[in-house]
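Breakdown of the fold
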Amino acid sequence: MLEAEIARLRPLEAEVAKLRREAYGAKAQAKAATNVANAAVAAKGPPGPPPPPPVFVSIKSGLLVETEDKAFAFKIGGRLFVDGGGTAGSPGNGWQGSVGFGQARLEVEGRYRPWFYKMQFDFANSTIQLWNTNLPNANTLTGPAFWTRNYVTDRNFLWGGWRDAYIGLQDPRLSHPLLAEPVYFKIGSQYESFSLEALASSKYRDTIERPLAVDAIAPFRHIGVAAGLIGKDNWTAHVGLYSLSFQDLNARPVNTSSGNVGVLAPAYNGFGVKNANWYQPWGGGAYWEATGRLTWAPILDEHRLVHVGVAGSYHQPNNATAYSDDRNSAPGNRLGSEANVLGTSFLGTTDLSCGRFPQPVAFVTPTVTFNQYNAAGNCIKDIEKIDVEAALSYENFFVQGEWLLANYNRNTFAAQQFALAQLSQLGVSSPSQGLYLSPGNSRYVASGGYVQGEWWITGEEKAQSYDLKDKNGVTFGQLKIKEPFSKGGWGAWGLVGRWSVLNLNNGPYQGALLYNNLLVANNAFGLFGALPGTPAQIANGTLLQNIFANSGVYGGYQQNVTAGVNWYPDNGLAFQFNATHVMSLKSPLNWNPQSSYEGGSHPTFLEMRAKVYF
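Cut-offs used in this document
Residues numbered from 1 in each chain as written. Predicted model: local features only at pLDDT ≥ 70, side-chain atom pairs only at ≥ 80, totals over all residues. Heavy atoms only, no water. Salt bridge = Lys/Arg side-chain N within 4 Å of Asp/Glu carboxyl O. Helix = DSSP H or I, 4+ residues; strand = E, 2+ residues; numbered from the N terminus. Buried < 20%, exposed > 50% of the residue type's maximum accessible area, 1.4 Å probe, protein only. pLDDT = per-residue confidence, 0-100. Contact = heavy atoms within 4.5 Å. Pairing = 2+ DSSP bridges. Disulfide = S-S within 2.5 Å. Lys, Arg positive; Asp, Glu negative; His and termini not counted. Polar contact = N/O pair within 3.5 Å; in protein donor to acceptor, adjacent residues only side chain to side chain. Patch = residues over 30% accessible without salt bridge, like charges linked within 9 Å, V, L, I, M, F, W, Y side chains within 5 Å. Areas by Shrake-Rupley, 256 points an atom, 1.4 Å probe, with all protein chains shown as cover. Expected span 1.5 Å × (residues − 1).

Turning next to the pattern of salt bridges. A pair can form between side chains of opposite charge whenever their charged atoms are brought close. Applying the stated criterion across every chain yields a total of 16 salt bridges. Of the charged contacts in the structure, one is a salt bridge between Arg79 and Glu107, with a shortest N-O distance of 3.8 Å. With a gap of 28 residues between them, Arg79 in strand β3 (residues 72-88) and Glu107 in strand β4 (residues 97-112) connect regions that are remote in the sequence. Considered together, Arg79 and Glu107 belong to a single accessibility category, that of buried residues.

Have a look at this one:
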């Protein structure tokens, strides 16, 4: 029996031995494989850096290249606006009908965290020579012709089509518990954060042109440095310090290459020109301005928006005149009556800085006459601007409005000197002997505003395009189209209406009353039917005309109403139509010899725009 048990166990012992041999072989193979792997790792050296993050590329809206973590981005974009229109009624000094490119821009922007940048060039507003402008300037003529001739054209250039051109910094280390994002800084050519409508990109604006008051008063782009904050409770703050602009009338303060000769430079006497003020004095200091804006949206969700804001700006002109800084020194002269393609401009003041003018006292020696032009009239001490804005959105209804004001503090003594200079050019010394235009008011106020309403027939909601993160300040971005045309829908259709007003008049007489008073002054002293009258009668009429003309600053008054239709088939494509009717118009009193009296005119401007942007 024992032998039988032993015989039964022997196969089991053989099986166990076999398993032990297999296990030992597997262990040896695993060790060999480990040695090979370790040798391979040793041969490769230390582990390298992690692979770069994936890169996202899109051509849906321009060319966008961006890393997955969004730390690096680069985008090429642009826009093309084709405008056309016509005038029903008198076009004034503009076109009965015209076409043109409103904008033709290319832009590059990007992010290299924590840095960001943007560059933008407009080919539709490239460098041009301004052979004729609205305002007179120092030239070689004397007498009445001195004040009616346009600017001398030597090196009189509008800067090229550069628009945005800045670099910025937004570092996470500048975060705060009250802020939704870190504080950011920008330096370069950028928008001053002032006015909701001024900051609205023309790509997304639902009227073709901005309101009169915004175009006349808002500072728009300048070269400077700015800082911005975005709060967690839908508030923002933006402040900056700025100086010259690519969009100033002239990059130079004087219009000759000899701008630094000095005030007592000998007058030019060559090529048959005798004792002409050929040389010009020092150009003087450039203007600067400080601007800030606060906004708050107490109600903000997908269907509702309540937005309020206030902005202020301080402008120190130094030696700037309307020759360079026409937007501040001669407000209103660039306005296009809210239909820019037609070129009709009804408003505009004289050069409130008094420009450059010859001193009334002559420096003459037996052998030489010295140049007498000063660098600037300095009739503007400073300018303060304020803007109050509000916007309401409920589902597909939207209302927006603003009121703007610019207060000019003026140097009355300099204005009196300017008056004497004009009379001196006429060869007289008394206001009863010649006409001049130099209002002596110590204060001038320009003001205006607008109210705009929109109804999106297809149900789009403006609250959804409210952009708190725009680096220029709060504005509205691309409308969110519910049913794009490219996906079988009809795009976004909307109706828009706007009332706007701008008052550049400051004085007791305006519009027809002013011009009638000037006319009656000729006949106020017995000149009826007896022209030219006696010397005493002419002197009294001249004096009375000067009193009326210089009783205030008369840049004109205009009130418009606009109705329009917008169609956004898809993102990046839009078609717009605006009809703007001039409800009220009071002509300005200025030096522009090419303007005519249009007070009481009520034309209607029809404008269309097709725009593509990416």
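Alright, that's what it looks like, and here's the rest.
Looking at the protein chain, pLDDT values average 81 and 74% of them are 70 or higher. Confidence over residues 36-43 falls short of pLDDT 50; this stretch has zero contacts with residues more than four positions distant or in other chains.

Here four bridges tie strand β1 (residues 55-58) to strand β2 (residues 63-67), and the two strands are oriented antiparallel to one another. Bridge pairing in β2 links Ser58 to Leu64. Between β1 and the antiparallel strand that follows it, β2, lie four residues; Gly62 among them carries a positive phi value of about 80°.

The next point concerns the state of the cysteines. Counted by the stated rule, this structure contains one disulfide. Here Cys354 is linked by a disulfide to Cys379, with a sulfur-sulfur distance of 2.0 Å. Across the S-S bond of Cys354 and Cys379 the torsion is about -100°, and the bridge reads as left-handed. Of this pair, Cys354 sits in the loop between α5 (326-329) and β14 (380-394) while Cys379 sits in the loop between α5 and β14; the two residues are 25 residues apart in sequence, bridging distant segments of the chain. Judged by its relative accessible area of 4%, Cys354 is buried. For Cys379, a relative accessible area of 0% puts it in the buried group.

So, about the side chain of Lys186. Inspection of the secondary structure assignment puts Lys186 in strand β9 (residues 184-191). One buried charge, Lys186, has no salt-bridge partner; the nearest side chain with opposite charge is Asp470, at 6.3 Å. From its side chain, Lys186 meets the backbone oxygen of Lys471 in a polar contact 3.1 Å long. Excluding residues that lie within four positions of it along the chain, Lys186 makes contacts with Phe116, Tyr166, Ile167, Gly168, Gly224, Val225, Ala226, His238, Lys471 and Asn472.

Right, let's get into a nonpolar patch on the surface. A cluster of nonpolar side chains, Phe397, Trp455, Ile457, Phe485, Trp490, Trp493, Leu495, Val565, Phe577, Leu606 and Met608, forms an exposed patch at the surface whose accessible area comes to about 1,100 Å². Summarising the element assignment, Trp455 is placed in strand β16 (residues 443-456). Owing to a relative accessible area of 37%, Trp455 belongs among the partly exposed residues under this scheme.

A few words on unusual backbone geometry. Along the chain, Arg113 connects to Pro114 via a cis peptide bond; the corresponding omega equals 15°. Structurally, Pro114 can be placed in the loop between β4 and β5 (115-122). Of note in this structure, Lys70 is not a glycine but carries a positive phi near 60°. Within the fold, Lys70 resides in the loop between β2 and β3. On the accessibility criterion, Lys70 (42% relative accessible area) is partly exposed. Even without glycine at this site, Asn318 takes up a positive phi of about 50°. The residue Asn318 is located in the loop between β13 (304-316) and α5 in this model.

With that settled, the discussion passes to helix α6 (residues 412-425). Helix length check: α6, at 14 residues, gives a terminal C-alpha distance of 20 Å against a target of 20 Å (1.5 Å per residue), a fit within 8%. Turning to α6, its buried residues number three or more, namely Ala414, Ala415, Gln417, Phe418, Ala419, Ala421, Gln422, Leu423 and Gln425. The N-cap of α6, judged by a side-chain oxygen 3.1 Å from the amide nitrogen of Phe413 a few residues on, is Asn411.

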